[in-house]
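Coordinate analysis (summary)
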Amino acid sequence: MLVKKLFLILFAALLVCGTASAEDGLRVAHVDSKLIFEGYKGTKKAQEEYDRQVAKWEQQANLLQKELAAIKEKLDKQALMLSDEKRNELEADYAKKNTELKEFIDRVYGRTGELITENEKVSAPIIALIKKAVTEIALQEGYDMVVDRATGAVLFWKDENDLTKKVLDYLNAR
């Protein structure tokens, strides 16, 4: 998920739309943001950080599910032996734990959940670094525009206009 999200954000940041004729002397370069992202050593660290947080959330969700299952099992096995008061108490505990689990899942995995926030927190610095590196190298090399081949929008490119390796080397040298 992190890779896809970063890829889409990077594409949006790098793709510059415009028209110009050959007389304008427009110099266009290209990069493959997927290769840059995958080859950048900072991505691995960010992915590991993200994966650790996701594992913590999964652990919490599993614990809540186990607690819910234990209450359900107790209710199912002891239903006939429990007093009405004790059964009502267990049913209330079950309902409370079920609500807690649903709220946790929504808070973490929902459309605006912590998972997305964490992804953005981890990916934003990488996206900024890649964009800055592309910009610096494009300016140093005298390019007017840089497009991203990884999007599939570029149908032809000359290898001599490929800045991918230069950007990746620049980033990994930092």
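As the structure is a prediction and not an experimental result, all values here were calculated from the model. (Residues numbered from 1 in each chain as written. Predicted model: local features only at pLDDT ≥ 70, side-chain atom pairs only at ≥ 80, totals over all residues. Heavy atoms only, no water.)

Section: the overall build of the protein chain
- What the protein chain contains, in helices and strands, is six helices and two strands.
- Helices and strands in the protein chain line up, N terminus first, as α-β-α-α-α-α-β-α.
- Taken across its 174 residues, the protein chain has 32% of its residues classed as buried.
- Excluding contacts between residues fewer than 6 apart, the proportion of contacts in the protein chain whose partners are at least 24 apart in sequence is 81%.
- Surface exposure of the protein chain reaches about 11,200 Å², of which carbon and sulfur atoms provide 55%. (Helix = DSSP H or I, 4+ residues; strand = E, 2+ residues; numbered from the N terminus. Buried < 20%, exposed > 50% of the residue type's maximum accessible area, 1.4 Å probe, protein only. Contact = heavy atoms within 4.5 Å. Areas by Shrake-Rupley, 256 points an atom, 1.4 Å probe, with all protein chains shown as cover.)

Some words on helix α3 (residues 41–78)
- The end-to-end C-alpha distance of α3, which contains 38 residues, comes to 56 Å, matching closely the 56 Å that a straight helix rising 1.5 Å per residue would cover.
- Among the residues making up α3, those that are buried are Gly42, Thr43, Ala46, Tyr50, Val54, Trp57, Ala61, Leu64, Leu68, Ile71 and Leu75. (Expected span 1.5 Å × (residues − 1).)

Remarks on the pairing of strand β2 (residues 145–148)
- Burial along β2 is two-sided: the residues Met145 and Val147 and Val146 and Asp148 are all buried.
- Sheet topology places strand β1 (residues 28–31) next to β2; four bridges connect them, and they run parallel. Within β2, the residue paired with Val31 across the bridge is Asp148. (Pairing = 2+ DSSP bridges.)

Digging into the packing of aromatic side chains
- Per the stated rule, a full pass over the model turns up zero aromatic pairs.
- The side chain of Arg27 reaches across the aromatic face of Tyr143, ending 4.2 Å from its centre.
- Above the face of the Tyr94 ring, Lys72 is positioned so that its terminal group lies 6.0 Å from the ring centre. (Phe/Tyr/Trp six-rings, centres within 6.5 Å; stacked < 30°, edge-to-face > 60°. Lys NZ or Arg CZ within 6 Å of the ring centre and 35° of its normal.)

Some thoughts on the nonpolar core
- In terms of nonpolar packing, the biggest core is built from 29 residues, with Val31, Ile36, Val146, Leu163, Val167 and Leu171 touching the most fellow members.
- Where this core is concerned, the elements lending two or more residues are β1, α2 (33–39), α3, α4 (84–109), α5 (114–141) and α6 (164–172).
- In terms of residue count, the dominant contributor to this core is α5 (eight residues). (Core = buried A, V, L, I, M, F, W, Y, C linked by side-chain atoms within 4.5 Å.)

Quick look at the side chain of Asn161
- Relative to the helices and strands, Asn161 is located in the loop between β2 and α6.
- Apart from residues no more than four positions distant in its own chain, Asn161 is found in contact with Val28, Ala29, His30 and Tyr143.

A short note on α6
- Within the sequence span of α6, burial applies to Thr164, Val167, Leu168 and Leu171. All buried residues of α6 lie within an arc of 95° about the axis, which places them on one face of the element. (Arc of directions from axis to C-beta.)

Observations concerning the side chain of Ser33
- By the secondary structure assignment, Ser33 is in helix α2.
- Given a relative accessible area of 0%, Ser33 falls into the buried group.
- Reaching out from Ser33, the side chain makes a polar contact with the side chain of Asp148 at a distance of 2.4 Å. (Polar contact = N/O pair within 3.5 Å; in protein donor to acceptor, adjacent residues only side chain to side chain.)

Quick notes on the packing of α5 against α6
- Their axes nearest at 9 Å, the elements α5 and α6 cross at an angle of 120°. On the basis of the axis angle, α5 is oblique to α6. Judged by the sense of rotation from one axis to the other, the crossing of α5 with α6 is right-handed. Note on element contacts: α6 touches α5 through Lys166, Val167, Tyr170 and Leu171, opposite Leu129, Ile130, Ala133, Val134, Glu136, Ile137 and Glu141.
- For the contact of α5 with α6, the residue count by class is eight nonpolar, no polar and three charged. (Axes fitted to C-alpha atoms, helices over the stretch in contact; angles between N-to-C directions. Parallel < 35°, antiparallel > 145°, perpendicular 65-115°, else oblique. Left-handed = near helix turned anticlockwise from the far one by under 90°. Nonpolar A, V, L, I, M, F, W, Y, C, P; charged D, E, K, R; others polar.)

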